[in-house]
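# Observations on the three-dimensional arrangement
Each chain, written out:
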Amino acid sequence: DAKTTQPNSMESNEEEPVHLPCNHSTISGTDYIHWYRQLPSQGPEYVIHGLTSNVNNRMASLAIAEDRKSSTLILHRATLRDAAVYYCILRDDSSASKIIFGSGTRLSIRP
Amino acid sequence: NAGVTQTPKFQVLKTGQSMTLQCAQDMNHEYMSWYRQDPGMGLRLIHYSVGAGITDQGEVPNGYNVSRSTTEDFPLRLLSAAPSQTSVYFCASRPIQSRLNTEAFFGQGTRLTVV
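For the structure given in this document, a descriptive report is provided here. (Residues numbered from 1 in each chain as written. Chains lettered and ligands numbered in written order. Predicted model: local features only at pLDDT ≥ 70, side-chain atom pairs only at ≥ 80, totals over all residues. Heavy atoms only, no water.)

### Topic: the state of the cysteines
Residues and elements named next belong to chain B. With the rule as written, the count across this model stands at two disulfides over all chains. A disulfide bridge connects Cys23 with Cys91, and the sulfur atoms are separated by 1.8 Å. Looking along the S-S bond of the Cys23-Cys91 disulfide, the torsion reads about -75 degrees, which is the left-handed sense. Of this pair, Cys23 sits in strand S3 (residues 19-25) while Cys91 sits in strand S9 (residues 87-94); the two residues are 68 residues apart in sequence, bridging distant segments of the chain. The same class applies to Cys23 and to Cys91, which are both buried. (Disulfide = S-S within 2.5 Å. Helix = DSSP H or I, 4+ residues; strand = E, 2+ residues; numbered from the N terminus. Buried < 20%, exposed > 50% of the residue type's maximum accessible area, 1.4 Å probe, protein only.)

Listed below in structure tokens is the structure:
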């Protein structure tokens, strides 16, 4: 399976945008890029996913590089509730039955 | 909708005891899976299932058994608990259609301590 690389931790200020990077230099043409987050003491929750084009939803935006070797999860206006571990995951047809998590990025929000 | 329900929320076992962690979903999802999360770590896949009667091993299957007799339920069994199995366990489910293009739903977790 293609691997992802994320910074261990990031900090941001409340009400400011947050850009969470993810490198996936070995991504294949059929890999989807998924993002999940895990709030403290909770199970993971889905955030967003994409294949080639940038994606927006009510929670976040996903910007995918033209060569697809990296992507960025964008929280447009961080709140304290966005403090969580964010996981960037690649999913292809060979692993369609399972989701494998990496170590993620721990995002802290300063009031 | 209840979503994914895990029981119990907390459990303390003695070494060598057996128990079953329950997971049920009411969304008619074909895929179900079990993860464990040790303190400060990411989630690791234990076992997963693509439908009733079908199960497969994940990254860390040793010491755990699963079965999938119905679409709704996917219990995880510890036959002889060991302190190394102290962890938080999460169950997840998702639908099968468009296999790469669907989100997974997670339960709230079972915090297991083996003494």
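Let us keep going from here.
### A word on the pairing of strand S7 (residues 70-75) of chain A
All names here are of chain A. Pairing of strand S2 (residues 18-23) with S7 involves six bridges; the strand directions are antiparallel. Within the sheet, the bridge partner assigned to Cys22 lies in S7 and is Ser71. Two elements, strand S6 (residues 61-64) and S7, share four bridges in a ladder whose sense is antiparallel. By the bridge assignment for S7, Ser61 is matched with Ile74. (Pairing = 2+ DSSP bridges.)

### Brief notes about the packing of aromatic side chains
The tally for this structure, following the rule as stated, stands at eight aromatic pairs over all chains. Ring plane angle 75 degrees and centroid distance 5.9 Å describe the contact between A:Phe101 and B:Phe106, whose orientation is recorded as edge-to-face. You can see A:Phe101 sitting in the loop between strand S8 (84-91) and strand S9 (105-110) and its partner B:Phe106 sitting in strand S10 (residues 105-106), one on each of two chains. When its relative accessible area of 7% is taken as the criterion, A:Phe101 is described as buried. Note on B:Tyr35 and B:Phe106: the rings are 5.8 Å apart at their centroids and 45 degrees apart in plane angle, and the pair reads as tilted. In this pair, B:Tyr35 sits in strand S4 (residues 31-37) while B:Phe106 sits in strand S10, placing the two residues 71 residues apart along the sequence. (Phe/Tyr/Trp six-rings, centres within 6.5 Å; stacked < 30°, edge-to-face > 60°.)

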